[in-house]
Amino acid sequence: QRQAFFDAIIALQSEQRPNRYDQYVRIHLNYAKRVHGTAKFLPWHRIFIRAFEWHLQTVDPNVMLPYWDWTVNSQAPETDIIFSSEWFGGNGRDNDHCVEDGQFADWTTYYPRKSCLMRSFDGGSRLGVFHTPEGLEALANQYSRFEDYNGRLETPAHNLIHYNIGGHMGTMYSTNDPLFFVHHAFIDMQWALWQERSFQHATNYGGRNFDGSTARVTDTLTPYQLTVRDVLDTRSLCYVYDRHYS
């Protein structure tokens, strides 16, 4: 299953440039200001990663987008198997931050320019700590309003992973690194778990849009022809999370 997932990504990346994978990098950049630091952070990224999964399934219908539970090795993230050569590869080399191992070591980016896939761990060969399972649970317990939970899950919990890994992950071109998608699947899962706490949690939405307007469930998640209400329940997008893991 893991190799099928990697092969599907590589298939998208191997198309004529700019290919379908490149388009996700472009879309994420084009809408970055509208969906980060705003009420749309969680719902927009939900449909964004689901659309990516749909594209992977055009290559292999059996592929599903997995989530990366980065809380498992939160105190020494660099030891996580996800950074091994059989998986996503590790840190970039010292001189140019190019990733030399893993499934995507030969990946050449298209946006913003042609380059290697880059990572630059914040601690040199090590990574600064991420949130623990207890930390995420405390976050969910503390905030019952979507506006508050959305903001705190984005910053600092979500942002730490981007900034600590660095390289492309530390920019709005972070989608160049396939780690982006498994990271955001885990963030989406946290929101789904929060929504399961009560009917109020499941339907709660609010805050401010980028233009300062009041966020409403009828707001459109451009460029997708869906509203916030359309994505509040993952089952409306034909998926649920398997939480039976150790």
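The preceding data block contains the structure.
The present account deals with the structure reproduced in this document. Everything quoted here is computed from the prediction, not taken from an experiment.

### Quick word on the nonpolar core
The tendency in soluble globular proteins is for nonpolar side chains to be buried side by side. Counting 67 residues, the largest nonpolar core has Phe5, Phe48, Trp68, Tyr149, Ile165, Leu179 and Phe181 as its most contacted members. Mapped onto this core, the elements with two or more residues apiece are helix 1 (2–13), helix 2 (20–30), helix 4 (41–59), helix 5 (133–142), helix 6 (146–165), helix 7 (179–195) and helix 9 (228–231). Counting residues per element, this core draws most heavily on helix 7, which supplies 11 residues. What Phe5 contacts, discounting residues up to four positions off in sequence, is Leu56, Val63, Met64, Leu65, Pro66, Phe88 and Val182.

### Topic: the packing of helix 2 against helix 4
Close contact between helix 2 and helix 4 brings their axes to 11 Å; oriented N to C, the two are set at 175°. Classified by the interaxial angle, the pair formed by helix 2 and helix 4 is roughly antiparallel. Note on element contacts: helix 4 touches helix 2 through Trp44, His45, Phe48, Ala51, Phe52, His55, Thr58 and Val59, opposite Arg20, Tyr21, Tyr24, Ile27 and His28. Taken together, the residues of the contact of helix 2 with helix 4 sort by class into 8 nonpolar, 4 polar and 1 charged.

### Quick notes on the state of the cysteines
Scanning all chains against the criterion turns up 1 disulfide. Across the disulfide from Cys98 sits Cys116; the S-S distance is 1.9 Å. Measuring the twist about the S-S bond at about -80°, one finds the Cys98-Cys116 disulfide to be left-handed. Taken together, the residues span a long stretch of sequence, with Cys98 in the loop between helix 4 and helix 5 and Cys116 in the loop between helix 4 and helix 5 at a distance of 18 residues.

### Points about the packing of helix 6 against helix 7
Two elements in contact, helix 6 and helix 7, have axes separated by 11 Å at closest approach and are oriented at 155°. One finds that helix 6 runs roughly antiparallel with respect to helix 7. Of the two possible hands of crossing, helix 6 and helix 7 adopt the one that is right-handed. On helix 7, the residues touching Phe146, Tyr149, Leu153, His158, Ile161, His162 and Ile165 of helix 6 are Leu179, Phe180, His183, His184, Ile187, Gln190, Trp191 and Trp194.

Rules and cut-offs
Residues numbered from 1 in each chain as written. Predicted model: local features only at pLDDT ≥ 70, side-chain atom pairs only at ≥ 80, totals over all residues. Heavy atoms only, no water. Core = buried A, V, L, I, M, F, W, Y, C linked by side-chain atoms within 4.5 Å. Buried < 20%, exposed > 50% of the residue type's maximum accessible area, 1.4 Å probe, protein only. Helix = DSSP H or I, 4+ residues; strand = E, 2+ residues; numbered from the N terminus. Contact = heavy atoms within 4.5 Å. Axes fitted to C-alpha atoms, helices over the stretch in contact; angles between N-to-C directions. Parallel < 35°, antiparallel > 145°, perpendicular 65-115°, else oblique. Nonpolar A, V, L, I, M, F, W, Y, C, P; charged D, E, K, R; others polar. Disulfide = S-S within 2.5 Å. Left-handed = near helix turned anticlockwise from the far one by under 90°.

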